[in-house]
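Observations on the three-dimensional arrangement
Letter by letter, the chains look like this.
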Amino acid sequence: LRLDGSEMLWIWEEAERRGLVVTLDLGKGRTPAYQTDAVQKILELHPTLTVVIAHLAQPALANPLDKELDRLWEQQILLGRHANVWFDTSALPAYCDEDYPFKSARRYLERAAKLIGADKLMWGTDIPGLLGQATYEQLLNMIRCHTEFTPAELDGLLGGTAKHVYLKER
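An account of the accompanying structure is given in this report. (Residues numbered from 1 in each chain as written. Predicted model: local features only at pLDDT ≥ 70, side-chain atom pairs only at ≥ 80, totals over all residues. Heavy atoms only, no water.)

1. Remarks on the overall build of the protein
A tally of helices and strands in the protein yields 6 helices and 4 strands. Reading the protein from its N terminus to its C terminus gives the helix and strand order α-β-α-β-α-β-α-β-α-α. Here the protein has a C-alpha radius of gyration of 16 Å; the compact-globule value for 170 residues is 15 Å, and the two agree. The principal-axis extent of the C-alpha atoms belonging to the protein is close to 45 × 35 × 30 Å. Looking at the protein residue by residue over its 170 residues, the buried ones come to 49%. Put simply, 77% of the contacts in the protein that link residues at least 6 apart link residues at least 24 apart. Carbon and sulfur atoms make up 54% of the accessible area of the protein, which amounts to about 8,900 Å² in all. (Helix = DSSP H or I, 4+ residues; strand = E, 2+ residues; numbered from the N terminus. Rg over C-alpha atoms; globule rule 2.2 N^0.38 Å. Buried < 20%, exposed > 50% of the residue type's maximum accessible area, 1.4 Å probe, protein only. Contact = heavy atoms within 4.5 Å. Areas by Shrake-Rupley, 256 points an atom, 1.4 Å probe, with all protein chains shown as cover.)

2. Concerning the sheet that holds strand E4 (residues 121-122)
Spatially, E1-E2-E3-E4 is the arrangement adopted by the 4 strands of the open sheet, whose pairing is parallel. Two strands lie at the open edges of the sheet, namely strand E1 (21-24) and E4, each paired on one side alone. Bridge analysis of strand E3 (residues 85-88) against E4 gives 2 bridges, and the strand direction is parallel. Looking at E4, one finds that Phe 87 is bridged to Leu 121. (Pairing = 2+ DSSP bridges.)

3. Thoughts on helix H4 (residues 103-116)
Its 14 residues give H4 an end-to-end C-alpha distance of 20 Å, which sits within 8% of 20 Å, the value for a rise of 1.5 Å per residue. Buried within H4 are the following residues: Ser 104, Ala 105, Arg 106, Tyr 108, Leu 109, Glu 110, Ala 112, Ala 113 and Ile 116. Looking at the buried positions of H4, the neighbouring elements they touch are helix H3 (67-77), E3, E4 and helix H5 (136-144). Positive phi appears at Gly 117, one or two residues downstream of H4, with a value of about 100°. (Expected span 1.5 Å × (residues − 1).)

4. With respect to a nonpolar patch on the surface
On the surface, Ile 127, Leu 131 and Tyr 136 cluster together into a nonpolar patch covering about 290 Å² of accessible area. Of note, Leu 131 is situated in the loop between E4 and H5. (Patch = residues over 30% accessible without salt bridge, like charges linked within 9 Å, V, L, I, M, F, W, Y side chains within 5 Å. Salt bridge = Lys/Arg side-chain N within 4 Å of Asp/Glu carboxyl O.)

5. Focus: the pairing of E1
Burial of the side chains of E1 is restricted to one face: Val 22 and Leu 24 are buried, whereas none of Val 21 and Thr 23 on the reverse face is. The β-α-β motif built from E1, the intervening helix H2 (residues 36-45) and the parallel element strand E2 (residues 50-53) has right-handed crossover chirality. (Right-handed = clockwise from strand over helix to strand, strands pointing away.)

6. Side note on H5
Side chains that are three or four residues apart share a direction in an α-helix, a result of its 3.6 residues per turn. Those residues of H5 that fall on the buried side of the exposure criterion are Leu 139, Leu 140, Asn 141, Met 142 and Ile 143. Taken together, the buried residues of H5 touch H4 and helix H6 (151-167).

7. Considerations on unusual backbone geometry
Residue Pro 101 is reached from Tyr 100 by a cis peptide bond, and omega for that bond is 15°. Along the chain, Pro 101 turns up in the loop between E3 and H4. Look at the link from Ile 127 to Pro 128: it is a cis peptide, with omega at 15°. Turning to its location among the elements, Pro 128 is positioned in the loop between E4 and H5. Even without being a glycine, Arg 30 presents a positive backbone phi close to 70°.

8. Observations concerning the environment of Glu 44
In this fold, Glu 44 is placed in helix H2. Each C-alpha atom of the pair Glu 44 and Ala 105 lies 30 Å from the other, and the pair is 61 residues apart in sequence. A polar atom in the side chain of Glu 44 sits 2.7 Å from the side chain of Gln 40. (Polar contact = N/O pair within 3.5 Å; in protein donor to acceptor, adjacent residues only side chain to side chain.)

9. Regarding the packing of H5 against H6
Relative to each other, H5 and H6 sit at 150°, their axes nearing to 10 Å. The pairing of H5 with H6 is recorded here as roughly antiparallel in orientation. Contacts between H5 and H6 involve Leu 140, Ile 143 and Arg 144 from the first element and Leu 154, Leu 157 and Leu 158 from the second. For the contact of H5 with H6, the class distribution of residues is 5 nonpolar, no polar and 1 charged. (Axes fitted to C-alpha atoms, helices over the stretch in contact; angles between N-to-C directions. Parallel < 35°, antiparallel > 145°, perpendicular 65-115°, else oblique. Nonpolar A, V, L, I, M, F, W, Y, C, P; charged D, E, K, R; others polar.)

Following this line, the structure appears as structure tokens:
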């Protein structure tokens, strides 16, 4: 199924008309679901459609030397240059082979912020799915205590951006 296929067009039109937030889990790079080009086309056709891409576009944390996966990830992150696109950061530790404080996950988070701005990112946990890897407190502290974000950026990451995106609050 192509997200930009004719059978899906009505969904994007209706979501845009109603002012809904569409959250997309596009899977991992190199899979049929990883349709960055389709999302780009949808954004061009629907410039006021609000889109959140889940899991920070699923960076290849377990394969950091795979240049193609890294290129695909960065290409998807750059969709955040659109005024109506954001990313949630839920489940990042699930993609890496390391324990708290999940250094590689933090590196991708900070890299995404440099590419598109911290104001395009929303913290998330994916709990209960991650409870086997980290506690809620560890997932929160990964952002709060082990990143280089400013207090203002942290305010956005930890709730302000989500309020803006989902509740249309500033």
